[in-house]
Each structure stands twice: as C-alpha cells, then as structure tokens.
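# Secondary and tertiary structure notes
Now for the letters of each chain:
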Amino acid sequence: MTLRGMCRFALAGACVFGGMAQAQERPDEVYSARVSRVFDGDTLWVKPLQGGRYRKLRLDGVDAPEICQRGGEASREVLARRVLNQVVEVRVRSQDDYGRGIARIVHQGDDVAAWLVGNGQAWSYRWRRSLGPFSAEEAAAKERGRGLFAEAAPELPRDFRKRHGPCPMPSRG
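### Some details on the state of the cysteines
One pass over the structure, following the stated rule, counts one disulfide. Cys68 shares a disulfide with Cys167; S-S distance 2.0 Å. Measuring the twist about the S-S bond at about -85°, one finds the Cys68-Cys167 disulfide to be left-handed. Of this pair, Cys68 sits in the loop between strand 6 (62–63) and helix 2 (72–83) while Cys167 sits in the segment after helix 5 (157–164), and the two are 99 residues apart along the sequence. Classification of Cys68 by relative accessible area gives partly exposed; the value is 41%.

Encoded structure:
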C-alpha cells in the first residue's frame, strides 16, 4: 500500500507513518473585523476590515441561551454592549452545520467567549463528558451568582432545544 493509500485510513485528518504524524488540516483563518450585528449570545456578524462579504460567526466553546429562552435577550445585550461596532480579531477554526464560522473572537486582549461565560451569560460548551473549555470561568460565575447563575436552576440551552425546538423566526411587520 502506498503512503497516499495509508493516509486515506488515518483518523482526524492526520497521516501517521513510522510514528510521525503529518497534519492534513488547513490553518485557521485569522483576520480583523468590525462586529456589525449581534444575533444572540453566541452568534454575531462581522465585516472583515480588509474587505469582502459579511460573515456570520458562532463563538467557539460556549452555549448561550436561545433568544426565546429565559436569559436569552440579556445574554445578547451583554455581548452587544461589549463588541457591537467594535474591531475584533477573528480566528475561524471550522464551520458548523449552518454555515457559520466557529470562531475565537478577541476584543481588547480578552477572549470574548471566556469573558461571556465568566459574566454568567453563557455556559462552557459541553461535549460528551467534558465540561468544556471554559469550565473554570463557569464555576466562578456560578459561585458568584452572576448573570444566568443568579437563578437556582438555569436550563442548559441544549435541554431547552430538546423540549421546545428552535426559537421561531421573528415576524417582519
């Protein structure tokens, strides 16, 4: 079997040959942009400073309340106060099933997702048994009773979506 044939069977986009791994992934897309719209607590639109089309992004590593869920509008407002019309650094690592870039957003040196979780406006994104990348920030926000965690038992967005489905689209009047 050729090296190329062996690579077809390798997992996670890496080819392992003789104990050495060669990454096959493309590097992250990094650019500066101005935030033009905040849709909800974890989704926003940006316009790259170098030009080009507007881009819809989802904050990497967080799950904010749905906009129709209790705390959803507050989460959106907190994020908007921080980044709307501001210049941010964007690092897109992949795309989700909806075509949004999954991105790390940095504003004034702060990771916006970590900041949002630390202020109790989102949960660290859980995956399987992992409490996610911002579990320490979430624990601190819970301990201080900040934002969503001022409630006795705030509902995880994934549980809300299971019970209610997606939020209805706003009507145009």
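### As for the environment of Leu131
With respect to the helices and strands, Leu131 occurs in the loop between strand 10 (123–124) and helix 4 (135–144). If sequence neighbours within four positions are ignored, Leu131 has contacts with Ser124, Tyr125 and Arg126.

### A closer look at the nonpolar core
With 26 residues, the main nonpolar core has Leu44, Leu57, Leu59, Leu79, Val83, Val90 and Ile105 as its most contacted residues. At the level of secondary structure, the elements contributing two or more residues to this core comprise strand 3 (29–40), strand 4 (43–48), strand 5 (55–59), helix 2, strand 7 (87–95), strand 8 (101–107) and helix 3 (112–118). Top element by residues in this core is helix 3. It accounts for five residues. Here Leu59 is in contact with Gly41, Asp42, Leu79, Ala103, Ile105, Val112, Ala113 and Leu116, once residues within four sequence places are set aside.

### Some remarks on the packing of aromatic side chains
A complete count under the given rule lists one aromatic pair for this structure. Summarising the aromatic geometry, the rings of Trp123 and Phe149 are spaced 5.7 Å apart at their centres and angled 85° between planes, so their arrangement reads as edge-to-face. Placement of the pair is Trp123 in strand 10 and Phe149 in the loop between helix 4 and helix 5, with a sequence separation of 26 residues. Lying over the aromatic face of Tyr31, Arg55 brings its terminal NZ or CZ to 4.6 Å of the ring centre.

### What to know about the environment of Asn85
The residue Asn85 is located in the loop between helix 2 and strand 7 in this model. Taking the C-alpha atoms as reference points, Asn85 and Ala33, separated by 52 residues in sequence, lie 9.5 Å from one another. Once you skip the residues sitting within four places of it in the chain, Asn85 turns out to touch Arg34 and Val35.

### Focus on empty space enclosed by the protein
A complete count under the given rule lists one cavity of 30 Å³ or more for this structure. Looking at the largest cavity, its volume works out to about 50 Å³. Asp63, Trp123, Ser124, Tyr125, Arg126, Leu156, Pro157 and Arg158 together form the lining of the largest cavity. At the level of elements, strand 10 and helix 5 are the ones that each hand at least two residues to the lining of the largest cavity. Residues that form the lining of the largest cavity fall into these classes: four nonpolar, one polar and three charged.

### Section: the pairing of strand 3
One ladder, built from six bridges, connects strand 3 with strand 7; its direction is antiparallel. Looking at the pairing, Arg34 lines up with Val87 of strand 7. Both strand 3 and strand 4 contribute to a ladder of six bridges, which runs antiparallel. Note on strand 4: the bridge partner recorded for Val38 is Leu44.

Cut-offs applied
Residues numbered from 1 in each chain as written. Predicted model: local features only at pLDDT ≥ 70, side-chain atom pairs only at ≥ 80, totals over all residues. Heavy atoms only, no water. Disulfide = S-S within 2.5 Å. Helix = DSSP H or I, 4+ residues; strand = E, 2+ residues; numbered from the N terminus. Buried < 20%, exposed > 50% of the residue type's maximum accessible area, 1.4 Å probe, protein only. Contact = heavy atoms within 4.5 Å. Core = buried A, V, L, I, M, F, W, Y, C linked by side-chain atoms within 4.5 Å. Phe/Tyr/Trp six-rings, centres within 6.5 Å; stacked < 30°, edge-to-face > 60°. Lys NZ or Arg CZ within 6 Å of the ring centre and 35° of its normal. 1 Å grid on protein atoms, 1.4 Å probe; cavity = no way out; pocket = protein on both sides within 12 Å on 5 of 7 lines; lining within 4 Å. Points joined across faces, edges and corners; volume = space filled by probe spheres on them. Nonpolar A, V, L, I, M, F, W, Y, C, P; charged D, E, K, R; others polar. Pairing = 2+ DSSP bridges.

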